[in-house]
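# A structural walkthrough
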Amino acid sequence: MSKVLAHSLAIQRQLVLYLADGEICSGEWLGQQLGISRAAIAKHLVQLEGYGLDLYKIKGKGYRLAEPLQLLDAALIKQQQQWNAPVWVQSVTDSTNNQLLQKLSDGQSLDAGTVLVAEAQTAGRGRRGKNWISPFGANLYFSMYWPLEQGIQAAMGLSLVIGVAVAKTLEQLFQLPVQLKWPNDIYLDGKKLGGILVELAGQSHSQCDAVIGLGLNISMPSVSAAQIDQPFTSLHSVLEQRPDRNQLVVALQKQLVSQLLFFADTGFAPFAAEFSRRDLFAGQWVQLSSAKQQVQGLCCGVDERGALLLESDGQRQSHYGGELSLRRIEHAPAD
Ligand code: BTN
């Protein structure tokens, strides 16, 4: 990153800190605090709006955020951390997954459980080539590095294990009835709360590296909400209080590492029941689609390898990952 860009991002972070409580601040006052002109303040705020920050300009008075927000704080996270691997906090980045993948391809050696989070992503990626809308300071954009010592075959079931770990974290912190949609979506009240994107690097039979990306909706601004093409929910909309994002990062790192260590020892089998009891579609008729075909059946959870179990015509079949999409259908297929 160029020095100019880094300087700009540092000023913008400071600006958001002044506005974070949701009170109005005048351009003049902000300028005095930062030692820059009102015009420069206005320019930085336009850029922040471009990163999805939900900001009001109040004529003759100044600026205020649509909602108060809490910034990610590397020092606070470090104080509370319970796993000894770095948590890097970035302001604006293309994609937190990209950042970790880039470090791996540059030959940087990373500790297992290293986390990179950002306030905003300009090229956040979802599954099946979709964008992941990532407005500034609103949600959680979280990536973790994890080595798979047993090679690529250990990747089978990985995103399901992560789903179970995320569900456990949210259940413990907020007592929420989290559900999981095979293979990698986090649901609450029948709406999407988050998604997981696992990307692999350095694939070989002996060892491979996984970058585990998690996007979790905390408080979606209305401008960004309008760009999302499916029903979704956020933690803030179901909890009375705005969740503490720093605490969430600490809890997620700890829970993910603990479940991944267990997974490395045991494989997926002990997670099958954990996944199936949170399965959004358990006992319902679903359609599984890939580029080549569509299969309908009764959803019967997952098998001991993490494959989706669908029953039709009295027969159960396992369906493995890849570019599949799953949705509920209203009725059993006609005979
Ligand atoms: C999906 O449901 O399609 C998966 C979404 C994954 C989004 C996260 S946000 C953090 C990480 N960085 C990315 O670019 N994508 C993942």
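The structure presented is a predicted model; accordingly, all values stated were derived computationally and were not measured.

This paragraph deals with the nonpolar core. Nonpolar side chains in soluble globular proteins generally cluster together in the buried interior. Membership of the largest hydrophobic core comes to 60 residues, with the highest contact counts inside it found for Leu140, Phe142, Val166, Leu170, Leu235, Leu248 and Leu260. Take this core: its biggest share by element is ten residues, from helix α6 (residues 158–174). Two domains each donate at least three residues to this core, and these are domain 2 (74–276) and domain 3 (285–328). Of all hydrophobic cores here, the second largest spans 18 residues; its members include Leu19, Cys25, Leu55 and Leu65.

The next subject is the sheet that holds strand β4 (residues 115–121). Read across the open sheet, the seven strands follow the order β3-β4-β5-β9-β8-β7-β6; overall the sheet is mixed. With partners counted over all chains shown, the strands left at the sheet margins are β3 (87–93) and β6 (179–181), one partner each. Averaged over all pairs of adjacent strands, the angle between their axes in this sheet comes to 25 degrees, without regard to strand direction. In this fold helix α5 (residues 96–105) packs onto β3, β4, β5 (140–148), β8 (191–201) and β9 (208–216), with an angle of close to 30 degrees to the strand it touches most, β5.

On to the environment of Leu72, then. Following the sequence through the fold, Leu72 ends up in the loop between β2 (62–65) and α4 (74–80). Leu72 sits in the buried class, given a relative accessible area of 1%. Leu72 sits 235 residues away from Ala307 along the chain, and the two C-alpha atoms are 36 Å apart.

Time to look at the sheet that holds strand β12 (residues 308–312). Across the sheet, which stays open at both edges, the five strands sit in the order β13-β12-β11-β10-β14 with antiparallel pairing between neighbours. Lying at the two open borders of the sheet, with one neighbouring strand each, are β13 (315–319) and β14 (325–328). Going from strand to strand, the sheet's axes swing by 45 degrees on average, the running direction of each strand aside. One ladder, built from three bridges, connects strand β11 (residues 294–302) with β12; its direction is antiparallel. Paired with Cys299 across the two strands is Leu310, which belongs to β12.

What surrounds the ligand is a group of 20 residues, the closest being Ser95, Gln121, Arg125, Arg127 and Lys192. The backbone of Arg125 places a nitrogen or oxygen atom 2.7 Å from an oxygen atom of the ligand. Contacts to the ligand include Arg127, whose backbone N or O atom sits 2.7 Å from an oxygen atom. In the complex, 97% of the free accessible area of the ligand, which totals 410 Å², lies under the protein chains.

Mapped onto the elements of the fold, Lys181 is located in strand β6. Discounting chain neighbours no more than four positions away, the residues touching Lys181 are Tyr187, Phe275, Leu280, Phe281 and Leu326.

Below, the discussion takes up the packing of aromatic side chains. Following the criterion strictly, the structure yields four aromatic pairs and no others. Residues Phe268 and Phe271 carry aromatic rings whose centres are separated by 6.2 Å and whose planes lie at 25 degrees to one another, so their mutual orientation is stacked. The pair formed by Phe268 and Phe271 is uniform in burial state, with each residue classed as buried. Within the aromatic cluster, the residues linked to one another by ring pairs are Phe262, Phe263, Phe268 and Phe271. When the ring centre of Trp88 is taken as reference, the NZ or CZ atom of Lys103 above it lies at 4.9 Å.

The subject of this paragraph is the domain arrangement of the protein chain. Along its sequence, the protein chain is carved into domain 1 (3–65), domain 2 (74–276) and domain 3 (285–328). Here the C-alpha centre of domain 2 lies 29 Å away from the C-alpha centre of domain 1. Facing the eight residues of domain 1 at the interface are twelve residues of domain 2. Both faces combined, the contact of domain 1 with domain 2 buries some 710 Å², and carbon together with sulfur accounts for 67% of it. The largest contributions to the domain 1 side of the interface with domain 2 come from Leu9, Tyr51 and Asp54, which together make up 58% of the buried area. Seen at the junction of domain 1 and domain 2, the total is zero salt bridges. Linking domain 1 with domain 2 are one residue pair in polar contact (both at pLDDT 80 or more), by the criterion used here. Take the side of domain 1 that touches domain 2: its biggest share by element is three residues, from helix α1 (residues 3–19).

Cut-offs used in this document
- Residues numbered from 1 in each chain as written.
- Predicted model: local features only at pLDDT ≥ 70, side-chain atom pairs only at ≥ 80, totals over all residues.
- Heavy atoms only, no water.
- Core = buried A, V, L, I, M, F, W, Y, C linked by side-chain atoms within 4.5 Å.
- Buried < 20%, exposed > 50% of the residue type's maximum accessible area, 1.4 Å probe, protein only.
- Helix = DSSP H or I, 4+ residues; strand = E, 2+ residues; numbered from the N terminus.
- Domains from an automatic or database assignment.
- Pairing = 2+ DSSP bridges.
- Axes fitted to C-alpha atoms, helices over the stretch in contact; angles between N-to-C directions.
- Contact = heavy atoms within 4.5 Å.
- Near = heavy atom within 4 Å.
- Polar contact = N/O pair within 3.5 Å; in protein donor to acceptor, adjacent residues only side chain to side chain.
- Areas by Shrake-Rupley, 256 points an atom, 1.4 Å probe, with all protein chains shown as cover.
- Phe/Tyr/Trp six-rings, centres within 6.5 Å; stacked < 30°, edge-to-face > 60°.
- Lys NZ or Arg CZ within 6 Å of the ring centre and 35° of its normal.
- Buried area = accessible area lost by both parts, 1.4 Å probe.
- Salt bridge = Lys/Arg side-chain N within 4 Å of Asp/Glu carboxyl O.

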